[in-house]
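# Breakdown of the fold
Read off the chains here:
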Amino acid sequence: MAPATIPPFHLAIPVHDIDAARKFYGDVLGFSRGRSSERWTDWNVRGHQVVTHQVGDGSSDARSPVAGTNPVDGHEVPVPHFGLVLAVDEFKELAGRLEAAGTDFVIEPYVRFAGEPGEQWTMFFLDPSGNALEFKAFRNIDQLFAV
């Protein structure tokens, strides 16, 4: 599957503190910043447009948009969530960067579905506003949609 043939998606997410979001998405996750204003910032997430929009006056505590959880492979997965599918080496590098930044994981990096179709590294964590993110890496990317 060639990345050039995949149309980019657009996702807008709420944040309570735009400056904290800029530090997290830019400095910690390493996404490049696009257009922005006082209350929003576009992020280039591997060619996809994710926009952090400050909601409220910026002085409130984090309010988690996580609606609930769903049990998957013995873990309670936060819903909703979003993220990227990375190469295994990129996944491990990001996990190390998140650990160095003091990130509290909702689900620590581990191998899910070991030995089964769709075996993958996965990790879940929250941004400073409580938005859940999952980054994963497949042992074999051809099994992305394996049943």
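For the structure, check the block above.
So, here is what we can say about the structure in this document. The residue count restarts for each chain, going from 1 along the sequence in the order it is written. Totals for whole chains, interfaces and linings use all residues, but because this is a predicted model, local features are given only for residues with pLDDT of at least 70 and pairs of side-chain atoms are given and counted only at 80 or more. Calculated side-chain values reflect all of the structure's heavy atoms, with hydrogen atoms and water omitted.

### Points about the pattern of salt bridges
- Salt-bridge detection follows one rule: a side-chain nitrogen of Lys or Arg within 4 Å of a carboxyl oxygen of Asp or Glu. As enumerated under the stated definition, the model contains 7 salt bridges in all.
- When the shortest N-O distance is used, the salt bridge between D19 and R22 registers 3.6 Å. Pair noted here: D19 and R22 are both in helix α1 (residues 18-28), with a separation of 3 residues, about one helical turn.
- Residue D19 is classed as exposed on the basis of its relative accessible area, which comes to 52%. Secondary structure follows DSSP: runs of H or I at least 4 residues long count as helices, runs of E at least 2 residues long count as strands, and numbering of each begins at the N terminus. Relative accessibility decides the category of a residue: with a 1.4 Å probe and only protein chains considered, values under 20% of the type maximum give buried, values over 50% give exposed, and everything between is partly exposed.

### Some thoughts on the sheet that holds strand β7 (residues 105-112)
- The sheet built from 3 strands is open, its strands ordered β7-β8-β9 with antiparallel pairing. Since the sheet does not close on itself, it has two edges, and those belong to β7 and β9 (132-138), each with one partner. Averaged over all pairs of adjacent strands, the angle between strand axes in this sheet comes to 10°, irrespective of strand direction.
- Relative to strand β8 (residues 120-126), β7 runs antiparallel, the two sharing 5 bridges. Bridged to R112 within β8 is Q120. Here, strands pair whenever DSSP counts at least two bridges between them. Axes here refer to lines fitted to C-alpha atoms; in helices the fit is confined to the stretch in contact. Angles between the N-to-C directions go from 0 to 180 degrees.

### A few points about the pairing of β8
- By the criterion of burial, β8 is predominantly enclosed, with 5 of the 7 residues buried.
- With 7 bridges joining them, β8 and β9 adopt antiparallel strand pairing. Pairing of L126 across the sheet is with A132, part of β9.
- The hairpin formed by β8 and β9 contains 5 residues between the paired strands, and G130 there has a positive phi angle of roughly 90°.

### Points about the sheet that holds strand β3 (residues 40-45)
- Within the open sheet, the 4 strands sit side by side as β1-β4-β3-β2. Their pairing is mixed. Each having just a single partner strand, β1 (10-15) and β2 (32-36) make up the two edges of the open sheet. Neighbouring strand axes in the sheet, compared pairwise and without regard to direction, differ in orientation by 30° on average.
- Taken together, the 6 bridges between β1 and strand β4 (residues 48-54) define a ladder with parallel strand orientation. Note that in β4 the partner of I13 across the bridge is T52.
- Contact between two residues is taken to exist if any of their heavy atoms lie within 4.5 Å; hydrogens are not considered. Strands in contact with α1 are β1, β2, β3 and β4; relative to β3, the strand with the most contacts, it is inclined by about 10°.

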